[in-house]
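# Chain and residue survey
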Amino acid sequence: MFEIKQTDRGFEIAMSAELTNIDLADGCMAEFLERAGAPLDRFAVRILLREAVLNAVTHGSGQNPELTVRFRAFLDEEGMVMEVEDEGPGFIWQNRDMVFEVCGDGGRGLPIMQMYSSQMSYNDVGNRLVIRRRYERGCVCASPTGRGD
Amino acid sequence: MLQTEQAQDVLVVRPGVDIVASQVEQLKKDLQALVAQGHIHLVIDLEGTSMIDSKGLAVFMLCHKSVSARGGSLKVVTANRDFRQLFHITRMDEHFKVVDTL
């Protein structure tokens, strides 16, 4: 399942918790960024989306295709806002160490998000993440439409 | 399928796909097979790759550990600034070389 809905300043996706849906979501973001033409670091936005949704699909949902991951992205006056929510029990994000564990096979997702985001926050339970990436060089767009018009 | 090219004792590998969660299991198997065949000096050329994520980075580290344990080496070739920055901020470039060109 992969359903996308355009919104006023962005888009929303409801997807089953499968790895291939991360690629589809990334493709939607790439198209949106191309249309919007906003002064954003596109690689940063795309890797933020990938890591956030990857966490929701794998850790939050255990890659159970019966579970739904919801993603929402929109532009505001300061930049791009992305919200990711899964149906899992969440995790104790407060205890996570943000230092890179470079020799291990995992554990890089959260630090990467921290490095590339301007701001990120989880809800108390840890199954809903909000990430902000500000426009480059302090650019402020008064009326971002996200539609390239 | 991986594209490979032997250059003296080094095997140049071109995955040609994005090195992301949905692709890494196959890539991991392919690289492990090459190492098992005795190719311990590997160059991974990222031409044709447009995205890397944390799962992809883990494959590079796994490959590095695998060839290093056998006395070999891993080098990554990419001129992509975003990739080079990603290897740098995750400190992967402290473990293996990341260079612009072959």
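As a starting point, this report considers the structure included with it. Note on numbering: residues in each chain are counted from 1, in written sequence order. As a convention, the first chain written is A and the first ligand written is 1, with the rest following in written order. Predicted model: local features are reported for residues with pLDDT of at least 70 only, side-chain atom pairs are reported and counted for 80 or more only, and whole-chain, interface and lining totals are derived from all residues. Only hydrogens and water are set aside when side-chain values are computed; all heavy atoms of the structure are taken into account.

This brings us to the overall build of chain B. For helices the rule is a DSSP run of H or I covering at least 4 residues; for strands it is a run of E covering at least 2, with both sets numbered from the N terminus onward. Each helix and strand counted, chain B has 3 helices and 5 strands in total. The order of helices and strands in chain B, counted from the N terminus, is β-β-α-β-α-β-α-β. Two things to know: the radius of gyration comes from C-alpha atoms, and the globule rule equals 2.2 Å times the number of residues to the power 0.38. On C-alpha atoms alone, chain B measures out to a radius of gyration of 12 Å, which is about the 13 Å that the 2.2 N^0.38 rule sets for 102 residues. Only protein chains enter the accessibility calculation, which uses a 1.4 Å probe; a residue whose area is less than 20% of its type maximum is buried, one above 50% is exposed, and one in between is partly exposed. Burial statistics for chain B: of 102 residues in total, 46% are counted as buried. Here the accessible surface of atoms and residues is derived via Shrake-Rupley with a 1.4 Å probe, and residues count as covered only by protein chains that are part of the display. Surface accessibility of chain B: about 5000 Å² in total, with carbon and sulfur atoms responsible for 46%.

Residues and elements named next belong to chain B. Two strands are counted as paired when DSSP detects at least two bridges linking them. Spatial strand order, S1-S2-S3-S4-S5: 5 strands in an open sheet with mixed pairing. The open sheet terminates on both sides in strands that have one partner only, identified here as strand S1 (3–7) and strand S5 (97–99). Going from strand to strand, the sheet's axes swing by 20° on average, the running direction of each strand aside. The pairing of strand S2 (residues 10–14) with strand S3 (residues 41–45) spans 3 bridges and is parallel. By the bridge assignment for S3, valine 12 is matched with valine 43. Contacts from helix H2 (residues 54–69) reach S3 and strand S4 (73–77), with the element oriented near 145° to S4. Axis geometry follows a simple rule: fit a line to the C-alpha atoms, using only the stretch in contact for helices, then measure angles between N-to-C directions, giving values from 0 to 180 degrees. Contact between two residues is taken to exist if any of their heavy atoms lie within 4.5 Å; hydrogens are not considered.

Residue and element names in this part refer to chain A. One open sheet accounts for 6 strands, arranged S1-S2-S3-S4-S6-S5; its pairing is antiparallel. Taken across any chain shown, the strands that pair with only one partner, and hence form the sheet edges, are strand S1 (2–6) and strand S5 (119–122). Going across the sheet, the axis of each strand differs from the next one's by a mean of 10°, ignoring polarity. In this sheet, strand S3 (residues 68–75) lies alongside strand S2 (residues 10–16) in antiparallel orientation, the contact comprising 7 bridges.

Facing 20 residues of chain A, the contacting portion of chain B comprises 22 residues. Interface area, chain A with chain B, both sides summed: about 2000 Å², of which 64% is carbon and sulfur. By definition here, a salt bridge exists when the distance from a side-chain nitrogen of Lys or Arg to a carboxyl oxygen of Asp or Glu is within 4 Å. At the boundary of chain A with chain B, the tally comes to 0 salt bridges. Between N or O atoms, a polar contact is any pair within 3.5 Å; within protein, one atom must be a potential hydrogen donor and the other a potential acceptor, and residues adjacent in sequence are included only when both atoms are from side chains. At the junction of chain A with chain B, the criterion picks out 2 residue pairs in polar contact (both at pLDDT 80 or more). Looking at the side of chain A that touches chain B element by element, the count peaks at 6 residues for helix H2 (residues 42–60) of chain A. Of the residues in the side of chain A that touches chain B, the class split is 10 nonpolar, 3 polar and 7 charged. By buried area we mean how much accessible surface two parts lose on assembly, using a 1.4 Å probe and totalling the loss over both. Residues were grouped as follows: Ala, Val, Leu, Ile, Met, Phe, Trp, Tyr, Cys and Pro as nonpolar; Asp, Glu, Lys and Arg as charged; and all remaining residues, including Gly, as polar.

Distances and angles like these do not, on their own, reveal function.
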